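# Summary of structural features
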Amino acid sequence: MKKALCYGLLASLFFAFTFIFNRSMNLDGGYWLWSAVLRYIFMLPMLYVIVQRQKGMKTVIAEIKKQPVCWIFWSTVGFGLFYMPLSMASVYGESWFVAATWQITIVAGVLLTPLFGKRIPVKNLMCSTIILIGIFLLQLSHVKDIKTEGLLTALALIIIAGFSYPLGNRKMLQHSPAELTTLQRVFGMTLCSMPFWIVCGGYALATHGMPGRGQIVQSVVVAVFSGVIATLLFFEATNMVKNNPRQLAVIEATQSGEVLFTLIGGILFLGDAMPTATGFVGILIIVTGMILNSFFGG
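Here the structure is a predicted model, which means the values were calculated and not measured. The numbering scheme is per chain: residues are counted from 1 as the chain's sequence reads. With pLDDT at 70 or above as the cut-off, local features in this predicted model cover only qualifying residues; side-chain atom pairs require 80 or more to be listed or tallied, and sums for whole chains, interfaces and linings still use all residues. Excluding hydrogens and water, the side-chain figures rest on all heavy atoms present in the structure.

## Description of the environment of Val98
By the criteria applied, helices consist of DSSP H or I runs no shorter than four residues and strands consist of E runs no shorter than two, each listed in order from the N terminus. With respect to the helices and strands, Val98 occurs in helix 5 (residues 95-102). Excluding anything up to four places from it in sequence, Val98 contacts Phe19, Leu86, Ala89, Ser90, Gly93 and Ile158. In this analysis, two residues are considered to be in contact whenever any of their non-hydrogen atoms come within 4.5 Å of each other.

## So, the packing of helix 5 against helix 13 (residues 257-270)
Axes, fitted as lines to C-alpha atoms, cover a helix only where it is in contact. Angles between the N-to-C directions of the axes lie from 0 to 180 degrees. Two elements in contact, helix 5 and helix 13, have axes whose closest approach is 8 Å; the angle formed by their N-to-C orientations is 175°. Taken as axis vectors, helix 5 and helix 13 run roughly antiparallel relative to one another. Contact residues: helix 5 offers Ser95, Trp96, Ala99, Ala100 and Trp102, while helix 13 offers Glu258, Val259, Thr262, Leu263, Gly266 and Leu270. Residue classes follow a fixed rule: Ala, Val, Leu, Ile, Met, Phe, Trp, Tyr, Cys and Pro count as nonpolar, while Asp, Glu, Lys and Arg count as charged, and any other residue, Gly among them, counts as polar. By residue class, the composition of the contact of helix 5 with helix 13 is 7 nonpolar, 3 polar and 1 charged. When an angle is under 35 degrees it counts as roughly parallel; over 145 it counts as roughly antiparallel; between 65 and 115 it counts as roughly perpendicular; any other value is oblique.

## What about the environment of Glu258?
Residue placement: Glu258 occurs in helix 13. The classification of residues rests on relative accessible area computed with a 1.4 Å probe and restricted to protein chains. Under 20% of the type maximum is buried, over 50% is exposed, and intermediate values are partly exposed. A relative accessible area of 2% means that Glu258 is categorised as buried. Apart from the residues lying within four places of it in its own chain, the contact partners of Glu258 are Ser12, Phe15, Ala16, Phe19, Ala99, Trp102 and Gln103. Counted as a polar contact is a pair of N or O atoms within 3.5 Å, where, for protein atoms, one must be capable of donating a hydrogen and the other of accepting one, and residues adjacent in sequence contribute only when both atoms are in side chains. Within the local environment of Glu258, its side chain forms a polar contact with the side chain of Trp102, the two groups lying 3.1 Å apart.

## Notes on the nonpolar core
For this analysis, a nonpolar core means a set of buried residues of the types Ala, Val, Leu, Ile, Met, Phe, Trp, Tyr and Cys, connected via side-chain atoms within 4.5 Å. Ranked by internal contacts, the top residues of the largest apolar core, which has 79 residues, are Tyr40, Leu47, Phe82, Tyr83, Leu86, Trp102 and Trp197. The element best represented in this core is helix 2 (residues 32-53), accounting for 11 residues. When near neighbours in sequence (up to four residues on either side) are disregarded, Leu86 contacts Phe19, Val98, Trp102, Ile158 and Ala161.

## Looking at the environment of Asn22
Note that Asn22 resides in helix 1 (residues 2-27). By relative accessible area, Asn22 is classed as buried at 2%. When the C-alpha atoms of Asn22 and Ser35 are compared, they prove to be 6.7 Å apart, with 13 residues separating the residues in sequence. Apart from residues no more than four positions distant in its own chain, Asn22 is found in contact with Phe17, Ser35, Tyr83, Ser87 and Ser90.

## Section: helix 1
One fewer than the residue count of a helix, multiplied by 1.5 Å, yields its expected span. In this model, helix 1 (26 residues) spans 39 Å end to end at C-alpha, consistent with the 38 Å of a helix rising 1.5 Å per residue. Gly29 sits one or two residues past helix 1 and shows a positive phi near 95°.

Now the structure itself:
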């Protein structure tokens, strides 16, 4: 459990680059849909090289051939319906705002538990709610700076992303054999989400033309840090505790660390304002919720 917890926290650090660079690309005039498409386009060859070197390619392809519809559908949910809305949401607010609101996925992950034949871990749900209260306080002083329409749009997009990510991940955990490694599963999901990203890329090209050089470079960074490193760390952490819904809820709750890492990164690199006193109280509550979640999970 300790190892899975460390992996989850490290994943939240690397996931923070998603919010920082997506916001940076928007500020530079990059189209949000290209930000989403390029991440997975660049992820695919990186993962391919790693899987090929480990001689795991035949196993992945064989598993996909056994149930192609399942792989394509849940990969599109877990990667496509997760990252496309999340990238679009970056248009409506600062990096920390998207990262903070994204933590609704913590509660989403707990609420999805009955779909997999297990009871909702009530204590973990309570701890996740505490984390969300902290996140709400962190946002409170900044909400007035965002138009209501934009706020509601961003919230709707992030709710879709927040439920899609754990749902797609858990469904593929359920349908994948035990001998399939985390790396192989992530590569398989990336490969099977390509039809979705090709359609999105075609639309982006037709409506906004080719992406700029700066957006391409930043997308490569996001692909390496968030798409490959963070995703592998997080999926490996969930794989370690996949049979324990309480501990799975704890690992998913570690992603609230993204808020803190994104807040720091936004201040240092994007010139975001420091949190108010209310914001710092929110941060304290987030950390408290994570500690309580770890306690109940242990």
